[in-house]
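# Understanding the architecture of this molecule
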Amino acid sequence: MQKTAVAVNSNKTKWAYQDFTWALSLFGTAVGAGILFLPITAGAGGFWPLVILALIAFPMTWFAHKSLARFVLSSSKKDADITDAVAEHFGKKGTNIITVAYFFAIFPIVLIYGVGITNTVDSFMIHQLGMASIPRWLLSGVLIGLMTASVVFGKELMLKVTSVLVYPLVFILLVLSIYLIPDWNMSMVHTQTDWSSMPLVIWLAIPIIVFSFNHSPIISQFSKEQRRVYGDDAVKKTDMITGGAAMMLMVFVMFFVFSVVLSMTPAQLSMAKSENISVLSYLANIKSSPIISYLGPIIALAAITSSYFGHFLGAHEGLTGLIKSRSTMPIKKIEKLSLAFIVIVTWIVAIINPSILDMIESVGSPMIAAILFLLPVFAMRCVPAMAKYKTSPIAQVFTAICGIAAITSVIYGTFFS
C-alpha cells in the first residue's frame, strides 16, 4: 500500500502527455497580439533594461498564474470555477466588484484589437498592395463587423479555428525570429544606458509584460480540470504545468523580442510606436525581403483576429451578466444590447485611433494585474480556506510588488510623465 501511494504521488510531479497539452494551451492563450507590440515598449529603454525584464518575466508570470490556480482550487465545491471561488470567499458584494473588474480587464482589449486590425490592414494595403487608403470609418466598420459576425454566427467554428491557429502562428513567429538573426546589429547594445533611470524604465515597462504574458482567462477551466483528475492533490499539477507554460513563454517570447529589437535601431522602434502599428507591420514596411513584407502583416492579422474572438466572447458574456444582475429585461434583449454596445464603442475607438501601447498600459494592464496578481495574494492573507494553498512568503511579496508596480506605473505614466 505504501509503495502504491508513493507511485501515485510521484506521478503528480512527473510530466505526462496531457500535462504538455495543457501547458501548450496556457502558452497559446498568452501568445496573441500583445507580443507584437511588446518589442516596441520593452526595447525602448535600451538593451540592458530588456535583459532585466527578460529575467523577471518568468517568476512574475509563474507566481501570479499558479497563485490564481490555487485560488480556484481553494473552493469547497469539487467542480468550482473562479466565479464560484469568488462567491464563496467574498460573498455577493465581493462578487459584483470582481465581476465588474473582470469585465473592464477584458473589454479594453477588444478596443485595442479594433484599433490594431484597422491599422494593420490599412498599412498592408498602402505599403504592400500599393492601394489608396480607405476612409477609416468605413475600413474599421467593415473589419469589426466581419470579425463580430464570425463570432456571432459561427461561434463554435471560430473557437475551433482559433485554437488550431495558435500552433502554426507560434511556429511562424519562431521561424521569423530565426530568420531575423542575420539582420542583428549592435546599435541597441552600444546605445549608452542611463543606469540611474533604469528602475524607472523597468517599472514603466511592467504593464506591457503583464499584458503580453497573461493567460488568466483559461486558468479557471484548467484548474477545474486538474481538480477533477487529481482531487485534493491537483495543486501539484497546476504548479508544475503553470511553471512549464511560464518557462516556454519566457524562452519563446523573449527570443522573439530580442531578435526583433536587435534587428532594428532605437529610432525605428520609436517610429513604430508613433505610427501605432505592430512591430511586424513596421518591419514589413522597411525590409526589402518579400517574406517579411507579406508574412509579417499576415501574422499580425492572424494574431489580432484570433485574440479578438476570445476576448469579444468574454466581454460580451461579462457585460450580459452585469446587466442581467441589475435588470428584469429578457436575456435575449440584454444579449443584443450588449452586442450592440461593444461593437459601436469598438468602432468609435477604432476611428479615433488612440495609441495602442497607451491603451495597453493605461487601461488593460491595471485590471489584469488586480485580478491576477493582487486578488490571490489578498485571499492567501485573509481567507481561511486558502491557508493550505499559500505560496512562500517570498513569492507572495514578489507577486504583490509586481501587481502594485503594474498599477502604480500606469498612474505615474498618466499623470506625471
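Residues numbered from 1 in each chain as written. Predicted model: local features only at pLDDT ≥ 70, side-chain atom pairs only at ≥ 80, totals over all residues. Heavy atoms only, no water.

Bringing the pattern of salt bridges into the picture now. Inspection of every chain in the model, using the stated rule, returns 4 salt bridges. When the shortest N-O distance is used, the salt bridge between Lys-237 and Asp-19 registers 2.4 Å. Here the residue Lys-237 occupies a position in helix H11 (residues 234–262), and Asp-19 occupies one in helix H2 (residues 17–30), the gap between them amounting to 218 residues. Judged on exposure class, the residue Lys-237 and its partner Asp-19 are both buried. For Arg-228, the salt bridge is made with Glu-225, and the minimal N-O distance between the two is 2.6 Å. Taken as a pair, Arg-228 and Glu-225 lie in helix H10 (residues 219–230) at a separation of 3 residues, close to a single helical turn. Under the relative-accessibility criterion, Arg-228 is labelled exposed at 61%. (Salt bridge = Lys/Arg side-chain N within 4 Å of Asp/Glu carboxyl O. Helix = DSSP H or I, 4+ residues; strand = E, 2+ residues; numbered from the N terminus. Buried < 20%, exposed > 50% of the residue type's maximum accessible area, 1.4 Å probe, protein only.)

What follows deals with empty space enclosed by the protein. What the rule picks out here adds up to 3 cavities of 30 Å³ or more. When its volume is computed, the largest cavity comes out at roughly 80 Å³. Those elements that provide at least two residues to the lining of the largest cavity are helix H5 (82–128) and helix H16 (356–382). With 4 residues, H5 is the largest single contributor of residues to the lining of the largest cavity. (1 Å grid on protein atoms, 1.4 Å probe; cavity = no way out; pocket = protein on both sides within 12 Å on 5 of 7 lines; lining within 4 Å. Points joined across faces, edges and corners; volume = space filled by probe spheres on them.)

Our next topic: unusual backbone geometry. The phi torsion at Asn-353 lies on the positive side, around 60°, for a residue other than glycine. With respect to the helices and strands, the residue Asn-353 is situated in the loop between helix H15 (331–352) and H16. By relative accessible area, which is 29% here, Asn-353 ends up partly exposed.

The topology assignment puts Asp-239 in helix H11. What Asp-239 contacts, discounting residues up to four positions off in sequence, is Trp-62, Lys-66 and Arg-70. (Contact = heavy atoms within 4.5 Å.)

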